[in-house]
Amino acid sequence: MFERIGVIDTHTGGEPTRVIVSGGPDLGAGSMADRLGRFRERFDRYRSAVVNEPRGSDVMVGAILLEPADPASAAGVIFFNNVGYLGMCGHGTIGVAVALDHLGKIGPGAHRLETPVGAVTIELEAKNAVTIENVVSYRIASNVPVVVPGLRTYHGDVTWGGNWFFLVHDHDETLAADNIERLTEVTWRIRQALETNRVTGEAGAEIDHIELFGPSTHGHDGKNFVLCPGRAYDRSPCGTGTSAKLACLAADGALNEGAVWRQESIIGSLFEGTYRRLDGDRIVPRIRGTAYVCGESTLIVDPADPFAWGIRS
C-alpha cells in the first residue's frame, strides 16, 4: 500500500523549502519542541524520504506544517534537512509564509508561527514579499581564534540567530559563485576545527553554521557565504545568519536600531534586515525577503522500493 505525502515546494532567494502539507506523521500535541523530539525519535524516515535523494538533494530544506499549540497562532512548523533538524530557519519561514498564502490559510498582515525555538511573527506584505520577526538573537563571544590545520588561524564571532553560527571576516577568500567549491572546503574545515577545539554555543551546543563575510558586488552592505549543517551552502543570504550578523553589528555599535542592513547571498539574492534592541546586546531581528511557489505535488512511498524512505548518508 502506497503512502502519499503532499508537499508544496518554494524557493527563497534561490534556496528551496519543501513543505509537507498532508500525509506526514502524527506528532501528537504539545509544543513544537516536544513534537520535534517525537519526529526525531520515531518518524525520522519521513525527514529522509522528503529531502534526501532520490526525491530531494543535499540542499533541500524541509518543513512540516502542524496545528499550533496556541489557537491564536496561524500554524506550527518544524524544519529539517539532509542530516537532521533545525531549531529555526529564516528562508524556510519566508517560504512557509508564501505556502500558507498559496493554501489560503493566511492573507496580508501579521501572523504568529510557532517553531521549536519559540514563536516568530510572519508578515505577508504582498503575494511573494514576507518580513519575519525572528527569535531573540545575540552574540556570546567575539574574535574567537580557531586554528585550521593546513590553512590558517581564523577569528570569528559565536552568535545565536535561531541556530548557532561562527561568523568569520578575516578569511582572505573570494566570495563568488565560481569559487563555491573552495568556500565549501574552507568552511567545512573551520567547522571541524571548532569541534576539535570544543568551541561551542551555549550549554555546549554545536556550532553547525559557518558564515564568511565580505563586500557586496552589487552595492549592498555585505555579502556572505553560509555553510549549512549538511555541508550544502545556502543559496539565500540565510535568515538566521542575517539575524546573527545583525546581533554582531548591534553589539559593535556598527548599525543603529531601525537602520536597514542589506545582505547579499553568494548567488546575488537579497535580504533586508533591521532590529530592535532589548536588554544589553540582545536584539529582535526583522528579515525581509521574497519567496515563490515552484511546485505542488504528491510524493509516493512504495514499500517495494528499496529507497522508498530516502538514501541516508
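All of the points below concern the structure found in this document. The structure presented is a predicted model; accordingly, all values stated were derived computationally and were not measured.

Summarising burial for strand β8 (residues 129-133): four of the five residues are buried, a large majority. Strand direction decides the pairing type here: strand β7 (residues 118-124) and β8, joined by four bridges, are antiparallel. Bridge pairing in β8 places isoleucine 122 opposite isoleucine 132. Linking two consecutive strands that pair antiparallel, namely β7 and β8, is a turn of four residues. Relative to strand β16 (residues 283-301), β8 is paired through five bridges, and the arrangement is antiparallel. Bridge pairing in β16 links threonine 131 to arginine 288.

On to helix α2 (residues 44-51), then. For α2, the tally of buried residues reaches seven of eight residues, placing the bulk of the element in the interior. Among the residues making up α2, those that are buried are Asp44, Tyr46, Arg47, Ser48, Ala49, Val50 and Val51.

A few words on the environment of glutamate 202. Mapped onto the elements of the fold, glutamate 202 is located in the loop between α4 (180-196) and β12 (209-214). Assessed through its relative accessible area of 39%, glutamate 202 is described here as partly exposed. As for glutamate 202 and histidine 220, which are separated by 18 residues in sequence, their C-alpha atoms are 32 Å apart. Setting aside residues no more than four positions away along its own chain, glutamate 202 makes contact with Tyr138, Ile140 and Trp164. Among the polar contacts made by the side chain of glutamate 202, one reaches the side chain of tyrosine 138 at a distance of 2.7 Å.

This part covers the packing of aromatic side chains. Tallied over the full model, the rule gives eight aromatic pairs. Summarising the aromatic geometry, the rings of tyrosine 138 and tryptophan 164 are spaced 6.2 Å apart at their centres and angled 85 degrees between planes, so their arrangement reads as edge-to-face. Taken together, the residues tyrosine 138 in strand β9 (residues 138-147) and tryptophan 164 in strand β11 (residues 164-168) connect sequence positions 26 residues apart. The burial state of tyrosine 138 is the same as that of tryptophan 164; both residues are buried. Following the ring pairs from residue to residue traces out a cluster consisting of Phe39, Phe80 and Tyr85.

Parameters at a glance
- Residues numbered from 1 in each chain as written.
- Predicted model: local features only at pLDDT ≥ 70, side-chain atom pairs only at ≥ 80, totals over all residues.
- Heavy atoms only, no water.
- Buried < 20%, exposed > 50% of the residue type's maximum accessible area, 1.4 Å probe, protein only.
- Helix = DSSP H or I, 4+ residues; strand = E, 2+ residues; numbered from the N terminus.
- Pairing = 2+ DSSP bridges.
- Contact = heavy atoms within 4.5 Å.
- Polar contact = N/O pair within 3.5 Å; in protein donor to acceptor, adjacent residues only side chain to side chain.
- Phe/Tyr/Trp six-rings, centres within 6.5 Å; stacked < 30°, edge-to-face > 60°.

The values are spatial; any link to function lies outside them.
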